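Chain by chain, the residues run as shown.
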Amino acid sequence: MTADTITAADSRINARWLIPVEPFGVVLEHQAVILQGSRIADVLPQSEADQKYRTRETVNLDRHVVMPGLINLHGHTAMSLFRGLADDLPLMTWLNDHIWPAEGRFVSEPFVLDGTRLAMAEMLRTGTTTFSDMYFFPEVTAQAAHDAGMRAQVCFPLMDMPTVWGSGPDEYLRKGAALIEQWQGDEYIMPAIGPHAPYTVSDQPLKDAVALAGKTGAAIQLHLHETAFEVDEAMKATGSRPVTRMAELGVLGRNTQCVHMTQIDDSDLEQLVRSGAHIVHCPESNLKLASGLCPVQTLMDHGINVTIGTDGAASNNDLDLFGELKTAAMVAKVVAGDASALSAHRALEMATLSGARALGREQELGSLVAGKLADLIAVDLSDPFLQPVYDPASHLVYSNHGRAVSHSWIHGVPQLQDGRLTRIDVPDLMLRVSEWRQQILS
Ligand SMILES: [Zn+2]
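Bear in mind the structure is a predicted one, so any value in this text is a computation, not a measurement.

Enquirer: Just to check I follow, could you spell out helix H4 (residues 138-148) for this structure?
Expert: Because each turn of an α-helix spans 3.6 residues, side chains separated by three or four positions in sequence point in the same direction. Of the residues making up H4, those classed as buried are Pro138, Val140, Thr141, Ala142, Ala144, Ala145 and Ala148. Check the buried side of H4 and you find it contacts helix H3 (109-125), strand E6 (128-134), strand E7 (151-158), helix H5 (169-183), strand E8 (189-195) and strand E15 (413-417). Directly after H4, the chain includes Gly149, whose backbone phi takes a positive value near 75 degrees.

Enquirer: Where do I start with the pairing of E15 in this structure?
Expert: Every other side chain in a regular strand lies on the same face of the sheet, so the side chains alternate between the two faces. The pairing of strand E14 (residues 405-410) with E15 spans 3 bridges and is antiparallel. The residue of E15 that forms the bridge with Ile410 is Val413. Of the strand pairs in this sheet, E15 and strand E16 (residues 420-421) are connected by 2 bridges, and their pairing is antiparallel. Paired with Leu416 across the two strands is Leu421, which belongs to E16. Connecting E15 to the next strand, E16, in antiparallel fashion are 2 residues, including Asp418 with a positive phi near 50 degrees.

Enquirer: How do you make sense of the packing of aromatic side chains when you look at a structure like this?
Expert: Here the distance between the centres and the angle between the planes together describe a pair of aromatic rings. One pass over the structure, following the stated rule, counts 5 aromatic pairs. A centroid spacing of 5.3 Å and a plane angle of 85 degrees characterise the contact between Phe111 and Trp436, whose relative ring orientation is edge-to-face. Taken together, the residues Phe111 in helix H3 and Trp436 in helix H16 (residues 426-441) connect sequence positions 325 residues apart. Taken as a pair, Phe111 and Trp436 share a single burial class, namely buried.

Enquirer: I keep staring at the coordination of the zinc ion and nothing clicks. Help me out?
Expert: Those donors, His74 (NE2), His76 (NE2), His223 (NE2) and Asp311 (OD), are the protein atoms that reach the zinc ion, and they lie 2.1 to 2.4 Å from it. Given 4 donor atoms and angles of 86 to 172 degrees at the metal, the environment of the zinc ion is assigned as irregular. Among the residues examined, Asp311 registers a relative accessible area of 4% and is labelled buried.

Enquirer: I'm lost on the packing of H4 against H5 in this one. Help?
Expert: Two numbers describe a pair of packed helices, the interaxial angle and the distance between the axes. The interhelical angle for the contact between H4 and H5, taken along N-to-C directions, is 20 degrees, at an axis separation of 10 Å. Comparing the axis directions of H4 and H5 gives the class roughly parallel. As for how H4 packs across H5, the hand of that crossing is right-handed. Across from Pro138, Glu139, Ala142, Gln143 and His146 in H4, the residues of H5 making contact are Leu179, Gln182 and Trp183. Split into classes, the residues belonging to the contact of H4 with H5 amount to 4 nonpolar, 3 polar and 1 charged.

Enquirer: I'm lost on the side chain of Lys333 in this one. Help?
Expert: Note on placement: Lys333 falls in helix H12 (residues 321-336). Among buried Asp, Glu, Lys and Arg side chains, Lys333 stands out as unpaired, with Asp338 the closest opposite charge at 7.5 Å. Side-chain polar atoms of Lys333 contact the backbone oxygen of Leu342, separated by 3.4 Å. Non-local contacts of Lys333, meaning those with residues more than four positions away in its chain, are made with Asp338, Ala339, Ser340, Ala341, Leu342, Ser343 and Tyr398.

Enquirer: In this structure, what is going on with the pattern of salt bridges? I would like to understand it.
Expert: Two side chains of opposite charge can pair, provided their charged atoms sit close to one another. In this structure the tally under the stated criterion is 22 salt bridges. Linking Lys236 and Glu233 is a salt bridge whose minimum nitrogen-to-oxygen distance equals 3.0 Å. With Lys236 and Glu233 both in helix H7 (residues 228-238) and 3 residues apart, this pair spans about one turn of that helix. For Glu233, a relative accessible area of 33% translates into the label partly exposed. The residue Glu435 makes a salt bridge to Arg432 at a minimum N-O spacing of 2.5 Å. One end of the pair, Glu435, and the other, Arg432, are both in helix H16, 3 residues apart, so they sit about a helical turn from each other. On the basis of relative accessible area, Arg432 is assigned to the partly exposed category, the value being 26%.

Calculation rules
- Residues numbered from 1 in each chain as written.
- Predicted model: local features only at pLDDT ≥ 70, side-chain atom pairs only at ≥ 80, totals over all residues.
- Heavy atoms only, no water.
- Buried < 20%, exposed > 50% of the residue type's maximum accessible area, 1.4 Å probe, protein only.
- Helix = DSSP H or I, 4+ residues; strand = E, 2+ residues; numbered from the N terminus.
- Contact = heavy atoms within 4.5 Å.
- Pairing = 2+ DSSP bridges.
- Phe/Tyr/Trp six-rings, centres within 6.5 Å; stacked < 30°, edge-to-face > 60°.
- Donors = N, O, S within 2.8 Å, 3.2 Å for Na, K, Ca; no water.
- Tetrahedral: all angles 85-135°; square planar, octahedral: opposite > 155°, others 65-115°.
- Axes fitted to C-alpha atoms, helices over the stretch in contact; angles between N-to-C directions.
- Parallel < 35°, antiparallel > 145°, perpendicular 65-115°, else oblique.
- Left-handed = near helix turned anticlockwise from the far one by under 90°.
- Nonpolar A, V, L, I, M, F, W, Y, C, P; charged D, E, K, R; others polar.
- Lys, Arg positive; Asp, Glu negative; His and termini not counted.
- Salt bridge = Lys/Arg side-chain N within 4 Å of Asp/Glu carboxyl O.
- Polar contact = N/O pair within 3.5 Å; in protein donor to acceptor, adjacent residues only side chain to side chain.

Structure representation (structure tokens):
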């Protein structure tokens, strides 16, 4: 190599192990990831990088595994301020007697701002670089995520009943259309439409949501078939299963993300396959609320794209997506009656590339490939609970929890360095959280 074949770049990350997710199932050793601006310029062996690149800075991660940043595809970020407020209750009691009354009293723009910042601090600390949110005051969440440099799909809420954010469907749709117009095309924020669930949104607003999605290209995310109760009540009221009603209204399509799907019969499966809709699996929320379990392996075997989410911190009660992956892998094996269901590599793909696919951004996110956006994380495997290392992929899913995440970059910008958040003032945030606790307790 001569001097004129050496390329200048911004940063070089030296990784002891690297799981690029594409190609699937691969663990590479002693790799370098070269970053230029917001993009990955190259992924190559360190010995080759020595010859080929000169960078302004080098980050040596010689005890770490580097992989794409995690994508948490379902949550209600501001609800982190309700973490641990009401536990050990079934879904409808939990919603009717605890969550909805508390939301009516406390949810406001400052509440959403502080709750979103709390959730982002936890997600960044545990390896998530992109999240999806569905909550009131989505304009506040979108701005907070953008200010923190975090990627987010922000779904505006849509339901029949009035809430703190609007008087009903017409106002939600009007405000939501403005949100989409404001953020469409932004590199960080993906505005989307969030009909709460089939049992809280009637046909006309759902048709309006489909029309808005068609006009703007925005995705639709909704809770669907969360419990057997939901399906039974719908059958009594309408004579059809919610999935059938959603399909008939045009809600299901390639740009739709169905959250939960714990109840699936053959007709549901057929309609999901035909529509090309994506599934967001939230196993810990389903377990905690005793909602049921999504048959992940069956869905994957039918070619359905299955992604993962934590749901809100009030029903989980954390946003650690690595913990969620372990639960997902364990539960998938029991549900399928097969220990080979949802393997470690398949689980890692579910939290990265599958999430990117559901967002329609698989060309840009979800794997460590030259040309994609530089959203990546490093996990320090030197702790006793992650030793010895035979297979880093196994450790990431079965032995890890998110607190071993040491570094992250989003859009090429460092967000976490040696476990310290670079863009969120944690002491200030903790003061605000403590003030909210006082208010909510009183
Ligand atoms: Zn949810």
